[in-house]
Amino acid sequence: MSDEDLMSQFQAGTVEAFNILVERYSDRLMQYLYRFLGDMKRCEDLLQETFLRVHRNRHSYRRIAKFSTWLYTIAGNLARSEYRKRKRRRMQSIQSVNRDNEEYEMEIPDESFSPDKHAESTIQDHYIQEAMNEIPPAFREVVVLRDIQQLAYDEIAEITGLPMGTVKSRINRGRTKLQALLKDVYPFESQS
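So, how was this worked out
- Residues numbered from 1 in each chain as written.
- Predicted model: local features only at pLDDT ≥ 70, side-chain atom pairs only at ≥ 80, totals over all residues.
- Heavy atoms only, no water.
- UniProt positions renumbered as here; feature names shortened; annotations may be inferred.
- Helix = DSSP H or I, 4+ residues; strand = E, 2+ residues; numbered from the N terminus.
- Buried < 20%, exposed > 50% of the residue type's maximum accessible area, 1.4 Å probe, protein only.
- Contact = heavy atoms within 4.5 Å.
- Areas by Shrake-Rupley, 256 points an atom, 1.4 Å probe, with all protein chains shown as cover.
- Phe/Tyr/Trp six-rings, centres within 6.5 Å; stacked < 30°, edge-to-face > 60°.
- Lys NZ or Arg CZ within 6 Å of the ring centre and 35° of its normal.
- Expected span 1.5 Å × (residues − 1).
- Arc of directions from axis to C-beta.
- Polar contact = N/O pair within 3.5 Å; in protein donor to acceptor, adjacent residues only side chain to side chain.
- Core = buried A, V, L, I, M, F, W, Y, C linked by side-chain atoms within 4.5 Å.
- Domains from an automatic or database assignment.
- Axes fitted to C-alpha atoms, helices over the stretch in contact; angles between N-to-C directions.
- Parallel < 35°, antiparallel > 145°, perpendicular 65-115°, else oblique.
- Left-handed = near helix turned anticlockwise from the far one by under 90°.
- Nonpolar A, V, L, I, M, F, W, Y, C, P; charged D, E, K, R; others polar.

For the protein chain, the name recorded in an unreviewed UniProt entry is RNA polymerase subunit sigma-24, with Longibacter salinarum as its organism. Among the UniProt annotations of the protein chain, the heading Sequence similarities (unreviewed entry) holds the following wording: "Belongs to the sigma-70 factor family. ECF subfamily."

**Student:** Can you lay out the overall build of the protein chain for me, pointing to particular residues and giving the numbers?
**Tutor:** When its secondary structure is counted, the protein chain shows 8 helices and 2 strands. When the helices and strands of the protein chain are listed from N to C terminus, the series reads α-α-α-α-β-β-α-α-α-α. By residue count, 36% of the 192 residues in the protein chain fall in the buried class. Taking the contacts inside the protein chain whose residues are at least 6 apart along the sequence as the reference set, 58% of them involve residues at least 24 apart. Accessible surface computed for the protein chain: about 11,800 Å², of which carbon and sulfur atoms make up 48%.

**Student:** Can you tell me about the packing of aromatic side chains, naming the residues and giving the values?
**Tutor:** Under the criterion given, the structure shown has 8 aromatic pairs. With centroids separated by 6.0 Å and ring planes inclined at 75°, the aromatic side chains of tyrosine 61 and phenylalanine 67 adopt a geometry described as edge-to-face. Each member of the pair, tyrosine 61 together with phenylalanine 67, is buried. Between phenylalanine 67 and tryptophan 70 the ring centres are 6.2 Å apart and the planes differ by 55°, which places this aromatic pair in the tilted class. In this pair, phenylalanine 67 and tryptophan 70 are both assigned in helix α4 (residues 67–91), 3 residues apart and thus about one turn of the helix distant. Neither residue differs from the other here; phenylalanine 67 and tryptophan 70 are each classed as buried. A connected cluster of aromatic rings, assembled from ring pairs, spans Tyr25, Tyr61, Phe67 and Trp70. The side chain of arginine 140 reaches across the aromatic face of phenylalanine 36, ending 5.6 Å from its centre. Just above the ring of tyrosine 153 sits the side chain of lysine 168; from NZ or CZ to the centre is 5.4 Å.

**Student:** Please give an account of helix α3 (residues 40–56) that cites residues and values.
**Tutor:** An α-helical turn contains 3.6 residues, so a residue and the one three or four places further along point in the same direction. With 17 residues, α3 should cover 24 Å at 1.5 Å per step; its first-to-last C-alpha distance of 24 Å lies within 8% of that length. Buried residues of α3: Cys43, Leu46, Leu47, Thr50, Phe51 and Val54, and no others. All buried residues of α3 project into a common sector of 135° when viewed along the axis, lining one side. Every exposed residue of α3 that faces more than 90 degrees away from the buried side is listed here: Lys41, Gln48 and Arg56. Residue aspartate 39 occupies the N-cap position of α3, its side-chain oxygen lying 3.2 Å from the main-chain nitrogen of lysine 41.

**Student:** I'd like a description of the nonpolar core, backed by residues and values.
**Tutor:** Core analysis: the biggest nonpolar cluster contains 45 residues, and Leu29 and Phe67 have the highest contact counts within it. Sorting the residues of this core by element identifies α1 (3–11), α2 (15–37), α3, α4, α5 (123–134), α6 (137–148), α7 (153–160) and α8 (164–182) as the ones contributing at least two each. Looking at which element gives the most residues to this core, the answer is α2, with 11 residues. Structurally, this core is a two-domain feature, drawing no fewer than three residues from each of domain 1 (1–99) and domain 2 (116–191). Excluding its chain neighbours within four sequence positions, the residues that come into contact with phenylalanine 67 are Asp3, Glu4, Met7, Leu21, Tyr25, Val54 and Tyr61.

**Student:** Explain the packing of α6 against α7 to me, using residue names and the numbers behind them.
**Tutor:** Running from N to C, α6 and α7 cross one another at 140°; their axes reach a closest spacing of 10 Å. By the angle class used here, α6 and α7 are oblique. Seen from above, α6 lies across α7 with right-handed handedness. Together, Glu141, Val142, Leu145 and Arg146 of α6 and Tyr153, Ile156, Ile159 and Thr160 of α7 make up the contact between the two elements. Split into classes, the residues belonging to the contact of α6 with α7 amount to 5 nonpolar, 1 polar and 2 charged.

Below, the structure is given as structure tokens:
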């Protein structure tokens, strides 16, 4: 049964159809969110929030769009919001007073990334994820959608709201940046 048929059944009240969609997409969405954010615990929360929004907004889905496109749009919006929040958190500091009543700035540590969280992954995944974290989010998102989630260019354009040329350009630039970051770990054959 297609995703769109399952969604129609869910809209009509068949909860089992929703459960099938969750089962069908959980692993893929988790990979997408993880490659975007690099924090497994936060990704689990965003995955749950994505499906909660699908459940809550099921009647706003229209069959003219592929279900996967609608789902990835929800997850991508949540991931981009989380990324922006993290960025703001890293830049914030708080004022504190020491024992001599002198004010000083105390940096808030960013504990969202820890190498220990990657210990479960293979060494290869670890290096790839580190490289993914190094490339700008605009490139990271489209590379993950294309190369990891294997979505079509037109789907990526629809999910991100970008023109097709921009999508292709960002994928190319993102791949080039990844290749440069991974060149010492994975020697690529030089192109003549």
